[in-house]
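Fold and contact review
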Amino acid sequence: MLVLSKPADEHFCIVKASKPSPIFPDSIPLIDLSKPASKNLLIKACQDFGFFKVINHGVPTEFISKLESKAMKFFSLPLSEKEKAAPPDPFGYGNKSIGPNGDVGWVEYLLLTTSPQFNYHGLATNIGENPEKFRCAVNDYVSSVKKMACEILELLADGLKIQQRNVFSKLLMDEQSDSVFRLNHYPPCPESQELNGGNLIGFGEHTDPQIISVLRSNNTSGLQISLRDGNWISVPPDQNSFFINVGDSLQVMTNGRFKSVRHRVLANSLKSRVSMIYFGGPPLSEKIAPLPSLMQGEDSLYKEFTWFEYKKSAYKSRLADNRLVLFEKIAAS
Ligand SMILES: C=C1C[C@]23C[C@@]1(O)CC[C@H]2[C@@]12CC[C@H](O)[C@@](C)(C(=O)O1)[C@H]2[C@@H]3C(=O)O
Ligand SMILES: O=C(O)CCC(=O)C(=O)O
Ligand SMILES: [Fe+2]
């Protein structure tokens, strides 16, 4: 449970929506991974939105429900217990505070690395149940979701007519891949309804810095994506599907052809939301640059940098900052 000393709106950011955010279920691209023709739809979705929903994804329901119930069990522990796995520096339990630079939201979370070298010491002992079982549930889920993410990345490489089909997926498959896994819990916030047309922020607007993010939530709404015109649209929840975000690194590798999507989560006044997100990232030493085969006749829009450099810079930024700006080449006038 989140415990507050003052009313929620004095702690958190309220976003004013002049009119209720539209829900456009039909406009969110839907990709059926069992259909080979999905390739072209995928490319279009990454160009137009940087966001889409996948069905027939092959992730066993059992892995999803097992991990979700373990996550719920963890989040329902007394705060003093959960805090034994805190602070998130960067991995561990976090509550209201997101990142090191003052961002806050109506959320509590567990942030974990997917690295096999990571031992759950100090974290798992405080996870509220058998640490080995928890670790297994995370590993089963993450391996399966990573496989799906790699399939999507290979379809994308194909769709872009890149010869090396695994040009993106190999970065997630690399032993040194710097990928992250996050469990978020947004408790219901009854005050959120009384905020005079405003909405309490659960997770503030941002783009994900990695290559690709795979998000699954329970059946509670809250996720919104920003369209190119700046309008926010609500994403209807669907616990049987996955939502995919293009991350900043994939935007750079495609020289801006694919767009990393700005998104946020609003607190729900009645229901609690639980989400599980896999952030597929490259090894720290990997150079993030537009692929030469996508650049025929084009100049790179970005300066050269490694994932380590980008991550270091991202972790100095606020959630809502446009982190890529610092890495853009200034266009010659
Ligand atoms: C404020 C921050 C939190 C964040 C690191 C950052 O400095 C900027 C990006 C944030 C983000 C967004 C996507 C993922 O949830 C995350 C784990 C990531 O890699 O970048 C978070 C970071 C975090 O919560 O530590
Ligand atoms: O919890 C969610 O649904 C999304 C959270 C998110 O965008 C993130 O953790 O980067
Ligand atoms: Fe995100």
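Residues numbered from 1 in each chain as written. Chains lettered and ligands numbered in written order. Predicted model: local features only at pLDDT ≥ 70, side-chain atom pairs only at ≥ 80, totals over all residues. Heavy atoms only, no water.

1. So, the site of ligand 1
Here is the rule we go by: Nearness is judged by heavy atoms alone; a residue qualifies as near a molecule or strand once a single heavy atom is within 4 Å of it. Any pair of N or O atoms that falls within 3.5 Å is considered a polar contact. Within protein, one atom must be able to donate a hydrogen and the other to accept it, and sequence-neighbouring residues count only if both atoms are side-chain atoms. Only the protein chains shown count as cover for residues, and the accessible areas themselves come from Shrake-Rupley with a 1.4 Å probe. Strands here are runs of E lasting at least two residues and helices are runs of H or I lasting at least four, both read from the DSSP assignment and numbered beginning at the N terminus.
What surrounds ligand 1 is a group of 16 residues, the closest being Arg182, Gln210, Phe279, Ala314 and Tyr315. Within the side chain of tyrosine 315, an N or O atom sits 3.3 Å from an oxygen atom of ligand 1. Contact distances for ligand 1 include 3.4 Å between an oxygen atom and a backbone N or O atom of serine 317. Isolated, ligand 1 exposes 470 Å² of accessible area, and the fraction of that covered by the protein chains is 98%. Among the secondary structure elements, those contributing two or more residues to the shell around ligand 1 are strand E5 (103-113) and strand E7 (198-206).

2. Some details on the site of ligand 2
Basically, it comes down to this: Using only the protein atoms, space was sampled on a 1 Å grid; points where a 1.4 Å probe fits but cannot get out form cavities, open sets with protein on both sides within 12 Å along at least five of seven lines form pockets, and lining residues are those with an atom within 4 Å of a point. To decide whether a molecule occupies a pocket or cavity, check its atoms: if more than half lie within 2 Å of the grid points, it is inside.
Close contacts around ligand 2 come from 13 residues, with Asn184, Tyr186, His263, Arg273 and Ser275 the closest. Residue histidine 263 places a side-chain N or O atom 2.9 Å away from an oxygen atom belonging to ligand 2. Taking arginine 273, its side chain carries an N or O atom lying 2.6 Å from an oxygen atom of ligand 2. Protein contact buries 98% of the 300 Å² of open area that ligand 2 shows by itself. A majority-of-atoms criterion places ligand 2 in the largest cavity.

3. Quick notes on helix H3 (residues 61-75)
For the record, the criterion: Working rule for helices: expected span equals 1.5 Å times residues minus one. The rule is simple: take the accessible area with a 1.4 Å probe, protein chains only, and divide by the maximum for that residue type; under 20% is buried, over 50% is exposed, in between is partly exposed. To obtain the arc, one takes the directions from the helix axis to the C-beta atoms.
Helix length check: H3 (15 residues) gives 21 Å between terminal C-alpha atoms against 21 Å at 1.5 Å per residue, within 8%. Residues of H3 that are buried: Ile64, Leu67, Glu68, Lys70, Ala71, Phe74 and Phe75. Across the axial projection of H3, the buried residues extend over an arc of 165 degrees, all falling on one side. Among the exposed residues of H3, those pointing more than 90 degrees away from its buried face are Thr61 and Glu62.

4. Comments concerning the pattern of salt bridges
Opposite charge on two side chains makes pairing possible when the charged atoms of those side chains draw close. Note the following rule: Salt bridges are defined by distance alone: a side-chain nitrogen of Lys or Arg within 4 Å of a carboxyl oxygen of Asp or Glu.
One pass over the full model with this rule turns up 14 salt bridges. When the shortest N-O distance is used, the salt bridge between aspartate 32 and lysine 35 registers 3.7 Å. Accessibility expressed as a relative area gives 14% for aspartate 32, which makes it buried. Across the salt bridge formed by lysine 44 and aspartate 48, the nearest N and O atoms sit 2.5 Å from each other. You can see lysine 44 and its partner aspartate 48 sitting in helix H2 (residues 38-48), four residues apart, about one turn around the helix. Taken together, the shared-partner salt bridges in this structure form one network comprising Glu154, Asp158 and Arg165.

5. Topic: the nonpolar core
Definition in use: We define a nonpolar core as any set of buried Ala, Val, Leu, Ile, Met, Phe, Trp, Tyr and Cys residues linked to one another through side-chain atoms lying within 4.5 Å. The contact criterion used throughout is that any non-hydrogen atoms of two residues lie within 4.5 Å.
Counting 63 residues, the largest nonpolar core has Ile152, Phe168 and Phe181 as its most contacted members. Looking at which element gives the most residues to this core, the answer is helix H5 (residues 131-159), with 14 residues. Beyond its immediate stretch of four places on either side in the chain, isoleucine 152 contacts Leu33, Leu42, Phe52, Val54, Ile212 and Ile244. Within the second largest apolar cluster, 20 residues are counted, among which are Leu111, Phe203, Leu223 and Ile225.

6. Remarks on the pairing of strand E12 (residues 263-266)
Inclusion rule: In this scheme, strands are said to pair when DSSP sees at least two bridges between them.
With burial as the criterion, each face of E12 is covered, one bearing His263 and Val265 and the other bearing Arg264 and Leu266. As defined by bridge partners, strand E9 (residues 223-226) adjoins E12 across three bridges and the pair is classed as antiparallel. The residue bridging leucine 223 from the neighbouring strand is valine 265, located in E12.

7. Thoughts on the confidence of the model for the protein chain
The condition that has to hold: Scored from 0 to 100, pLDDT records how confident the predictor is in each individual residue.
Averaged over every residue, the pLDDT of the protein chain is 89; the share at 70 or more is 86%. Interface scoring of the predicted complex returns ipTM 0.98; its pTM is 0.93.

8. Focus on the sheet that holds strand E6 (residues 180-186)
Spelled out, the test is: The axes used here are C-alpha line fits, helices contributing only the stretch in contact, and every angle between their N-to-C directions lies in the interval 0 to 180 degrees.
Taken together, eight strands build an open sheet; the order of strands is E2-E3-E11-E8-E13-E6-E5-E4 and the sheet is mixed. The open sheet has two edge strands with one neighbour each: strand E2 (30-32) and strand E4 (92-98). The sheet shows a mean angle of 25 degrees between the axes of neighbouring strands, direction not considered. One ladder, built from four bridges, connects strand E8 (residues 212-217) with strand E11 (residues 242-246); its direction is antiparallel. In the sheet register, isoleucine 212 faces E11, and the bridge partner there is valine 246. Sitting on the sheet, H2 touches E2, strand E3 (51-55) and E11, and the angle it makes with E2 is about 150 degrees. Sitting on the sheet, H3 touches E4, E5, E6, E8, E11 and strand E13 (273-280), and the angle it makes with E13 is about 115 degrees.

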